Amino acid sequence: MELPVYIGDTVSATGYRLAGLRVHVPPEDEVLDVLEAACSEAPLVLLGSDLASRIPSQQLDELLSRVAPAVVVVPDIRGQVPLPDMAHRLRKLLGVLE
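First things first, this report covers the structure right here in the doc. (Residues numbered from 1 in each chain as written. Predicted model: local features only at pLDDT ≥ 70, side-chain atom pairs only at ≥ 80, totals over all residues. Heavy atoms only, no water.)

**Concerning the overall build of the chain**
When its secondary structure is counted, the chain shows five helices and four strands. For the chain, the residues scored as buried account for 37% of the 98 residues in total. Excluding contacts between residues fewer than 6 apart, the proportion of contacts in the chain whose partners are at least 24 apart in sequence is 60%. When the accessible surface of the chain is summed, it comes to about 6,100 Å², and 57% of that surface belongs to carbon and sulfur atoms. (Helix = DSSP H or I, 4+ residues; strand = E, 2+ residues; numbered from the N terminus. Buried < 20%, exposed > 50% of the residue type's maximum accessible area, 1.4 Å probe, protein only. Contact = heavy atoms within 4.5 Å. Areas by Shrake-Rupley, 256 points an atom, 1.4 Å probe, with all protein chains shown as cover.)

The following block contains the structure:
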């Protein structure tokens, strides 16, 4: 059975590693490559909000709308980068923005 994967900052990765997940702390220029590799092998991919904020909006929308594996943005331990506004993203994808 494959383990879920966390991709994000070093401090958060330590906690996720202790919880039994596989973790990656990629350099900024390798985030998308590591993310694609994780999506090809893991049943669940947790992405730190700090790294998620650096991914272009359209690519992030495509990642978050995947059915398998599920890609979920989680808060970073320092709370410096807020989570994406999922209600806004959903309205945008459905074409019902006000």
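**Re helix H1 (residues 10–18)**
Between the side-chain oxygen of the N-cap and the backbone nitrogen of valine 11 there are 3.2 Å, and the N-cap of H1 in question is aspartate 9. Looking one or two places after H1, you find glycine 20, whose phi comes out positive at around 100 degrees. (Polar contact = N/O pair within 3.5 Å; in protein donor to acceptor, adjacent residues only side chain to side chain.)

**Points about the environment of proline 69**
Inspection of the secondary structure assignment puts proline 69 in the loop between helix H4 (57–64) and strand S4 (70–74). Proline 69 has contacts with Cys39, Ala42, Pro43, Leu44 and Val45, leaving out every residue within four places of it along the chain.

**Looking at the pattern of salt bridges**
Using the criterion set out here, one finds four salt bridges in the structure. Linking glutamate 2 and arginine 22 is a salt bridge whose minimum nitrogen-to-oxygen distance equals 3.7 Å. Of the two residues, glutamate 2 sits in the segment before strand S1 (5–7) while arginine 22 sits in strand S2 (residues 22–24), which places them 20 residues apart along the sequence. Each of Glu2, Arg22 and Glu41 takes part in one network of salt bridges that share partners. (Salt bridge = Lys/Arg side-chain N within 4 Å of Asp/Glu carboxyl O.)

**Points about helix H2 (residues 31–41)**
Inspection of H2 places Val31, Val34, Leu35, Ala38 and Cys39 among the buried residues, and these make up the whole buried set. An end-on view of H2 places all buried positions within 135 degrees of arc, on one side of the element. For H2, exposure combined with an orientation more than 90 degrees from the buried face picks out Asp33 and Ser40. Contacts made by the buried residues of H2 are with S1, S2, strand S3 (44–48), helix H3 (49–52), H4 and S4. (Arc of directions from axis to C-beta.)

**Quick word on the pairing of S3**
Burial analysis of S3 places four of its five residues in the buried class, the great majority of the element. Relative to S4, S3 runs parallel, the two sharing five bridges. Considered in S4, the bridge of leucine 47 is made with valine 73. (Pairing = 2+ DSSP bridges.)

**Some points on the nonpolar core**
Core analysis: the biggest nonpolar cluster contains 18 residues, and Ile7, Leu35, Val45, Leu47, Ile55 and Leu60 have the highest contact counts within it. Contributions of two or more residues to this core are made by S1, H2, S3, H3, H4 and S4. At five residues, the largest contribution of residues to this core is made by H2. With near-sequence residues (within four places) excluded, valine 45 lies in contact with Val5, Ile7, Leu35, Ala38, Cys39, Pro69, Ala70, Val71 and Val72. If you look at the next biggest cluster of nonpolar residues, it comprises six residues, including Tyr6, Ala13, Val23 and Leu46. (Core = buried A, V, L, I, M, F, W, Y, C linked by side-chain atoms within 4.5 Å.)

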